[in-house]
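Examining the three-dimensional arrangement
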Amino acid sequence: MLSGMHEHDGPLTRLRRSHEQSVLELLRKQGPLSRAELGARSGLSRTTLHDIVAWLVGSGAVVTGTPHVEVRKRGRPVEKLSLNPAAGEAVGIDFARRAVHVAAVNFAHEVVGSASEDHAPDLSWPERVDLAARLLTTLGTGSSGVRLDALTAIGAGVVGPIADPGSENAHAQGIDGLPDLLRKRFPVPVLLDNNTRLAALAEAVWGAAADSSDVLYLRLSHGVGGGLVVGGALHRGQYGLSGEFGHITVDPAGRACECGGTGCLETRASLDAVLYRYREAGGRAEDLAGFLRDVADGAPPALEVLERVGSDVGGVLAAVCHTVGAGVIVVGGELAEAGPALLEPVERALRRNLMPMARHHVDIRRATLGEAGSALGAIALVLHESPLLTHYPRPVPEENA
């Protein structure tokens with residue numbers, strides 16, 4: 001179950017919800033605790049804590065037990081409270097341009113599993129939802145797999161801006177009807193957001209930038225996009241347009257972009273654009289896997305292309321850093337698999353374009369969560385328990401949606 005879903009949303013309900021989340025967060029981070037330990041660490045009064053714990057135990061979110069001890073001592077064993085992994089599960093789905101990625105966690109925030117499958121770019125939405133359902137079913141085959149009947153909510157990442165990530169009526173170009181398709185397959189609340197921004201959220205919560213409150217995330221994939229964490233909060237921007245770094249112009253005389261602009265970063269650093277530039281330089285590999293093999297082998301055309309791509313990317317990142325003051329830059333997506341052959345040119349261009357006083361205050365890192373990043377970010381959106389989501393709408397119970 002999702003905690004904190006109450007019938008009304010007045011000041012007292014919000015205060016109670018914050019107390020619940022405080023208790024749940026302590027149990028998640030520190031493991032089983034006694035009531036006395038919870039009281040000391042939460043700062044809640046004894047009466048308030050008793051009420052909150054009783055509700056969480058009664059709802060099944062928290063379970064009680066006594067830890068095993070080798071030598072029995074006098075007196076009653078101290079009862080410990082802990083999260084109930086069986087209380088429910090949350091699922092995240094990333095509907096990427098050419099693949100579906102899924103991940104699931106139980107109520108204790110333990111990752112149950114993840115899976116992915118590529119598909120043709122013109123696959124219909126009903127077929128993508130069917131694919132997601134099939135992938136989730138494969139996660140449920142093991143003894144600790146996903147129980148689809150235990151789902152409490154689904155978070156989904158999609159390509160493009162999302163007007164309202166906290167609403168089941170969220171709209172984005174080309175995804176009309178997706179929430180209904182998901183609810184028909186899984187009758188639980190559905191939350192949508194931009195998949196690249198969700199990857200940024202995941203890297204800032206669990207991944208490469210978990211130690212920073214000001215993060216710039218860039219994904220180099222079939223498209224180029226990103227996300228911003230500013231002052232410890234994920235930034236959406238007006239109409240959900242934050243993080244569209246792929247549509248910053250780097251070459252006014254360059255190729256036309258699908259956004260309607262000319263010479264956007266996406267026309268130079270997306271996977272198709274990189275392969276196009278690579279073949280122009282004399283490369284012969286037909287796909288990304290072949291290109292990455294050439295990179296690993298030190299083939300001059302591949303390394304020369306990455307040098308130019310890194311220069312384009314580093315210049316854009318420097319401009320964004322000057323705007324938002326990011327302390328950590330995380331680079332992800334399939335192209336990041338090129339490793340130092342890409343990241344070193346990016347870093348050189350970044351340092352070259354940054355103001356001198358900023359050059360030693362920005363740390364560039366490779367993403368650590370891989371293809372499951374957006375799906376994990378979608379789960380974080382559903383659970384809504386990260387301080388990074390302070391400014392986001394809260395999940396809406398299905399009966400109130």
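Above this text sits the structure in question.
Below you will find a few notes about this structure. (Residues numbered from 1 in each chain as written. Predicted model: local features only at pLDDT ≥ 70, side-chain atom pairs only at ≥ 80, totals over all residues. Heavy atoms only, no water.)

A few words now on the sheet that holds strand β3 (residues 89–95). Taken together, the five strands give an open sheet; going across it, the order is β5-β4-β3-β6-β7, and neighbouring strands pair in mixed fashion. Lying at the two open borders of the sheet, with one neighbouring strand each, are β5 (111–118) and β7 (190–194). Ignoring which end each strand starts from, the neighbouring axes of this sheet average 15° apart. In this sheet, β5 lies alongside strand β4 (residues 99–106) in antiparallel orientation, the contact comprising seven bridges. The residue of β5 that forms the bridge with Val105 is Val111. On the sheet, helix α4 (residues 125–139) packs against β3, β4, β5 and β6 (151–158) and is oriented at approximately 140° with respect to β5. The strands touched by helix α12 (residues 373–383) are β3, β4, β5, β6 and β7; relative to β3, the strand with the most contacts, the crossing angle is about 135°. (Pairing = 2+ DSSP bridges. Helix = DSSP H or I, 4+ residues; strand = E, 2+ residues; numbered from the N terminus. Axes fitted to C-alpha atoms, helices over the stretch in contact; angles between N-to-C directions. Contact = heavy atoms within 4.5 Å.)

On inspection of all chains with the given rule, the structure shows two aromatic pairs. Aromatic pair Phe95 and Trp125: ring centres 5.3 Å apart, planes at 80°, arrangement edge-to-face. One end of the pair, Phe95, is in strand β3; the other, Trp125, is in helix α4, and 30 residues separate them in sequence. The pair formed by Phe95 and Trp125 is uniform in burial state, with each residue classed as buried. Judged by centre distance (5.0 Å) and plane angle (80°), the rings of Tyr278 and Phe291 are edge-to-face. Highlighted residues: Tyr278 in helix α8 (residues 271–280) and Phe291 in helix α9 (residues 288–296), separated in sequence by 13 residues. Under the relative-accessibility criterion, Tyr278 is labelled buried at 1%. When its relative accessible area of 0% is taken as the criterion, Phe291 is described as buried. The ring of Trp125 carries Arg128 above its face, with NZ or CZ at 4.6 Å from the centroid. (Phe/Tyr/Trp six-rings, centres within 6.5 Å; stacked < 30°, edge-to-face > 60°. Buried < 20%, exposed > 50% of the residue type's maximum accessible area, 1.4 Å probe, protein only. Lys NZ or Arg CZ within 6 Å of the ring centre and 35° of its normal.)

Counting residues in hydrophobic clusters, the biggest one holds 41 residues, and the most contacted among them are Leu216, Leu220, Phe291, Val313, Ile329 and Leu335. Contributing elements (two or more residues each) for this core: β8 (215–220), β9 (224–230), α8, α9, α10 (300–324), β11 (328–332) and α11 (340–353). At 10 residues, α10 tops the list of elements feeding residues into this core. Ile329 has contacts with Leu216, Leu317, Cys321, Leu350, Val362, Asp363, Ile364 and Arg365, leaving out every residue within four places of it along the chain. Listed in part, the 29 residues of the second largest apolar core include Ala103, Val105, Ala199 and Ala209. (Core = buried A, V, L, I, M, F, W, Y, C linked by side-chain atoms within 4.5 Å.)

In the structure shown here, the tally under the stated rule is zero disulfides. With no disulfide of its own, Cys259 lies 3.7 Å from the sulfur of Cys257, the closest cysteine sulfur. (Disulfide = S-S within 2.5 Å.)

With respect to topology, five strands assemble into an open sheet ordered β10-β9-β8-β11-β12, the strand pairing being mixed. A strand with exactly one partner marks an edge of an open sheet, and here the two such strands are β10 (233–235) and β12 (363–366). This sheet shows a mean twist of 25° between the axes of neighbouring strands, independent of strand direction. Sheet topology places β8 next to β11; five bridges connect them, and they run parallel. If you follow Leu218 over to β11, its bridge partner there is Val331. Helix-sheet contacts for α10 involve β8, β9 and β11, and the interaxial angle to β8 is about 155°. Those strands touched by α11 are β8, β11 and β12, and its axis lies near 160° from that of β12.

We now examine the pattern of salt bridges. Oppositely charged side chains are able to pair whenever their charged atoms sit close together. Counted according to the given criterion, the structure contains 18 salt bridges. With its nearest N and O atoms 3.2 Å apart, the salt bridge here joins Asp272 to Arg98. With Asp272 in helix α8 and Arg98 in the loop between β3 and β4, this pair connects stretches of sequence that are 174 residues apart. Accessibility expressed as a relative area gives 42% for Asp272, which makes it partly exposed. By relative accessible area, which is 29% here, Arg98 ends up partly exposed. The salt bridge involving Asp312 is made with Arg277; its shortest N-O contact spans 3.1 Å. One end of the pair, Asp312, is in helix α10; the other, Arg277, is in helix α8, and 35 residues separate them in sequence. (Salt bridge = Lys/Arg side-chain N within 4 Å of Asp/Glu carboxyl O.)

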